[in-house]
Amino acid sequence: MTHLTLQAVTRRFGAAHAVDSVDLNVPDGKLVCFLGPSGCGKTTLLRMIAGLETPTSGNIHFADRDITRVPANRRDFGMVFQSLALFPHLTVAENVAYPLRLRKTDKAAQGRRVAELLELIQLPHMANRPVTQLSGGQRQRVAIARAIASQPKLLLLDEPLSALDAKLREAMQVEIRLLQQRLGITTIMVTHDQREAMTMADEIVVMEKGRIAQVGKPLDIYRDPVSEFVADFIGLGNILPVTYDGAGGVSLPGGRRIAVAQAARVPESGSDIRLLIRPEDVCVKAASDTAGPNRLTGTVTFIRDVGASLEATIDCAGFTLTAATTPRETPGLALGMPVLAELPPHACKLIAARAAH
Ligand code: ATP
């Protein structure tokens, strides 16, 4: 059963559409990320689900009930914002207990629940500490414990990790994901960080200018983006303007023809076409290797050592390619070296070009 359903949800501010006719089903128990560049409408969409913003038109249903105009405090959803909004004058335990006090839960039950939650976030020893004396990550956990204290059916997180440094942020991504899976709580998280969305989400909703550009599992979106915008936003990619020849091949900038997979989905005629190939799919071979239809000659112009792998930039006369490789796969790779870059047909995706502005 799908619990949260959005139908043609729109929010205008004056003439501008912050969110434009969004249809979406959020499956039960999943973690869904709203992902997109600044200003694409992620927060406005989340705030409408939370009840903090009213749609200009459209409907929001939760558990078969129309909640479009139900005020936030009557939706019983848990929320964590970027600012966390903890009460600085209260202790850890008092912050976590706050929603239970509001609901007038009896004192003994409050105590039990708070103890359970502090155990869950691994801070039982800090119950009586003022929240102002916690680290960023600890504060983050308290905010989450408070948001789930009254067992909400839906947890809404608006860029909750953006104030943390990179290492702590990654640790918290894992913690939130584990907690969410353990509790089985349906969660929507807003982020503009594609890596965060890729590693945490069951489903990603990619947004562009108030609309949904694509919805899907992280890997499906990465492997099979529907547009240049999505391809560019999710992960690193080589995106080249090409012409489709109608017979399983494309001409690259500079005129060379390569084959694409038989099953390649070709965007409708009339649209500008781009070829997408991910760096890990570009195979770098020695220049002395046998030539082949999808093997392009080039020169290594830049090498970036990113620890476990190497990123090589290859100038192919007319365009450049980024290839991800390892010293084991391509021993002796060096600047200025002539190479063959192989683009396997099955890894070449054709997508429609981004609309011109
Ligand atoms: P960010 O990642 O920067 O937070 P976002 O994707 O969350 O961006 P929103 O905050 O939802 O984007 O904003 C979407 C658009 O709506 C933006 O153009 C923004 O300027 C506009 N907008 C949002 N809130 C208001 C408001 N209260 N009044 C007028 N315009 C608004």
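One can find the structure itself at the top, above this paragraph.
Thresholds, definitions, all that
Residues numbered from 1 in each chain as written. Predicted model: local features only at pLDDT ≥ 70, side-chain atom pairs only at ≥ 80, totals over all residues. Heavy atoms only, no water. Pairing = 2+ DSSP bridges. Helix = DSSP H or I, 4+ residues; strand = E, 2+ residues; numbered from the N terminus. Axes fitted to C-alpha atoms, helices over the stretch in contact; angles between N-to-C directions. Near = heavy atom within 4 Å. Polar contact = N/O pair within 3.5 Å; in protein donor to acceptor, adjacent residues only side chain to side chain. Areas by Shrake-Rupley, 256 points an atom, 1.4 Å probe, with all protein chains shown as cover. Phe/Tyr/Trp six-rings, centres within 6.5 Å; stacked < 30°, edge-to-face > 60°. Buried < 20%, exposed > 50% of the residue type's maximum accessible area, 1.4 Å probe, protein only. Lys NZ or Arg CZ within 6 Å of the ring centre and 35° of its normal.

Let us look at the sheet that holds strand β19 (residues 338-342). The strand order across the open sheet formed by 5 strands is β15-β19-β16-β17-β18, and the pairing between neighbours is antiparallel. Each edge of the open sheet carries a strand with a single partner, namely β15 (283-286) and β18 (320-325). Direction aside, neighbouring strands of the sheet carry axes that sit 45° apart on average. Where strand β16 (residues 295-305) and strand β17 (residues 310-315) come together, 6 bridges link them in antiparallel fashion. Looking at the pairing, isoleucine 303 lines up with alanine 312 of β17.

A word on the site of the ligand. Taken together, Phe13, Ala18, Pro37, Ser38, Gly39, Cys40, Gly41, Lys42, Thr43, Thr44 and Glu159 form the complete shell of residues around the ligand. Within the side chain of lysine 42, one N or O atom sits 2.8 Å away from an oxygen atom of the ligand. A distance of 2.5 Å is found between an oxygen atom of the ligand and a side-chain nitrogen or oxygen belonging to threonine 44. Taken by itself the ligand offers 630 Å² of open surface, and the protein chains cover 53% of this.

Inspection of every chain in the model, using the stated rule, returns 3 aromatic pairs. When the ring of phenylalanine 62 is compared with that of phenylalanine 77, the centres are 5.0 Å apart and the planes differ by 70°; the resulting orientation is edge-to-face. With phenylalanine 62 in strand β4 (residues 57-62) and phenylalanine 77 in the loop between β5 (65-66) and β6 (78-80), this residue pair connects regions lying 15 residues apart in the sequence. Its relative accessible area of 11% is what places phenylalanine 62 among the buried residues. Judged by centre distance (4.5 Å) and plane angle (50°), the ring pair of phenylalanine 87 and tyrosine 98 falls under tilted. One end of the pair, phenylalanine 87, is in the loop between β6 and α2 (92-102); the other, tyrosine 98, is in helix α2, and 11 residues separate them in sequence. Its relative accessible area of 25% is what places phenylalanine 87 among the partly exposed residues. Stacked on the ring of phenylalanine 87, the Lys or Arg arginine 146 has its end atom at 5.0 Å from the ring centre. If you follow arginine 278 out to its NZ or CZ, it ends over the ring of tyrosine 222, 4.1 Å from the centre.

Geometry only, nothing functional implied.
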